Amino acid sequence: MFLTRVFGRRLFSTVRSEASAAGAAVRTAHNPLEEFFEADRNPEEEKPVVYGRSWKASELRLKSWDDLNKLWYVLLKEKNMLMTQRQMLHAQNLRFPNPERLPKVRKSMCRIKHVLTERAIEDPDPRRTAEMKRMINAL
């Protein structure tokens, strides 16, 4: 594989966790760059992998400022991972699996910004509103 040639070793390693009730595979990260790549899946699996939907604005309105900030960075990490995967597969002339995931992540990120902007506008203190808007635009 391309990554093996570039980094000189296998990037993805999975360890089967017997203590886990679900029996899911746990990925051990040895290199921080591994977080930009999705773990390899077994192509012989019968079940197709189903990914979730984007966050609704009504759901995001129920979350705190800190929760939305954490969710923003989780989505940013996911977006970076998907874009890295798409670029690497494109360079190898391979098809990007599940291309609908990237618009879902982008839509969720836009909705988080929208909800945070709504909260900033509702704040009666104009200084705090301006500070919140600056923080939102920096995202």
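Owing to the predicted nature of the structure, the values given are computational and were not obtained by experimental measurement.

Peer 1: Looking at this structure, how should I read the pattern of salt bridges?
Peer 2: When their charged atoms lie close together, side chains carrying opposite charge are able to pair. One pass over the full model with this rule turns up 5 salt bridges. Put simply, R53 and E59 hold a salt bridge, and the shortest N to O gap is 2.5 Å. Residue classification places R53 among the exposed positions, given a relative accessible area of 52%. A salt bridge links R128 to D123, with the shortest nitrogen-to-oxygen separation between them at 3.3 Å. With relative accessibility at 17%, the residue D123 sits in the buried group.

Peer 1: Explanation requested: the side chain of S54 in the structure shown.
Peer 2: Considering the arrangement of structural elements, one finds S54 in the loop between β2 (25-27) and α2 (57-60). We classify S54 as buried; its relative accessible area is 13%. A distance of 3.2 Å separates a polar atom in the side chain of S54 from a polar atom in the side chain of R111. If near-sequence neighbours (up to four positions away) are discounted, S54 is found in contact with K104, K107, S108 and R111.

Peer 1: So what exactly am I meant to see when it comes to the packing of helix α3 (residues 65-91) against helix α4 (residues 101-122) here?
Peer 2: When two helices pack together, their arrangement is captured by the angle between the axes and the distance separating the axes. The interhelical angle for the contact between α3 and α4, taken along N-to-C directions, is 155°, at an axis separation of 9 Å. Considering their axes alone, α3 and α4 lie roughly antiparallel with respect to each other. Regarding α3 and α4, the two cross each other, and that crossing is left-handed. Here W65, L68, L71, W72, L75, L76, E78, K79, M81, L82, M83 and R86 of α3 come into contact with α4, specifically with R101, L102, V105, R106, S108, M109, I112, K113, V115, L116 and R119. Residue composition of the contact of α3 with α4, grouped by class: 15 nonpolar, 1 polar and 7 charged.

Peer 1: Looking at this structure, I do not really get the confidence of the model for the chain. What am I missing?
Peer 2: Caution applies to low-pLDDT regions: their predicted coordinates should not be interpreted in detail. On average, residues of the chain score 77 in pLDDT, and 69% of them are at 70 or above. Confidence drops under a pLDDT of 50 for residues 1-25, and excluding neighbours within four residues, the segment shows 37 contacts in the predicted structure.

Peer 1: Would you mind showing me how to read the nonpolar core here?
Peer 2: Soluble globular proteins tend to bury their nonpolar side chains together. Counting 19 residues, the largest nonpolar core has L60, L68, L75, L82 and I112 as its most contacted members. If you list the elements that add at least two residues to this core, you get α2, α3, α4 and α5 (126-138). When residues no more than four places from it in sequence are discounted, the contact partners of I112 are L60, L68, L71, W72 and L75.

Peer 1: What is the right way to read the packing of α4 against α5 from this model?
Peer 2: At a minimum axis separation of 8 Å, α4 and α5 run at an interaxial angle of 170°. One way to sum up the angle between α4 and α5 is to call them roughly antiparallel. Where α4 abuts α5, its residues K113, L116, T117, R119, A120 and I121 lie against T129, M132, K133 and I136. When its residues are assigned to classes, the contact of α4 with α5 shows 5 nonpolar, 2 polar and 3 charged.

Peer 1: Please explain α4 as it appears in this structure.
Peer 2: Two residues of an α-helix separated by three or four positions point the same way, owing to the 3.6 residues in each turn. For α4, spanning 22 residues, the distance from its first C-alpha to its last is 32 Å, which sits close to the expected 32 Å at 1.5 Å a residue. For α4, every residue scored as buried is listed here: R101, L102, V105, S108, M109, I112, V115, L116 and A120. End-on, the buried residues of α4 take up no more than an arc of 155°, which puts them together on one face. The exposed set on the far side of α4, more than 90 degrees from its buried face, consists of C110, I121 and E122. Packed against the buried residues of α4 are α2, α3 and α5.

What counts as what
- Residues numbered from 1 in each chain as written.
- Predicted model: local features only at pLDDT ≥ 70, side-chain atom pairs only at ≥ 80, totals over all residues.
- Heavy atoms only, no water.
- Salt bridge = Lys/Arg side-chain N within 4 Å of Asp/Glu carboxyl O.
- Buried < 20%, exposed > 50% of the residue type's maximum accessible area, 1.4 Å probe, protein only.
- Helix = DSSP H or I, 4+ residues; strand = E, 2+ residues; numbered from the N terminus.
- Polar contact = N/O pair within 3.5 Å; in protein donor to acceptor, adjacent residues only side chain to side chain.
- Contact = heavy atoms within 4.5 Å.
- Axes fitted to C-alpha atoms, helices over the stretch in contact; angles between N-to-C directions.
- Parallel < 35°, antiparallel > 145°, perpendicular 65-115°, else oblique.
- Left-handed = near helix turned anticlockwise from the far one by under 90°.
- Nonpolar A, V, L, I, M, F, W, Y, C, P; charged D, E, K, R; others polar.
- pLDDT = per-residue confidence, 0-100.
- Core = buried A, V, L, I, M, F, W, Y, C linked by side-chain atoms within 4.5 Å.
- Expected span 1.5 Å × (residues − 1).
- Arc of directions from axis to C-beta.

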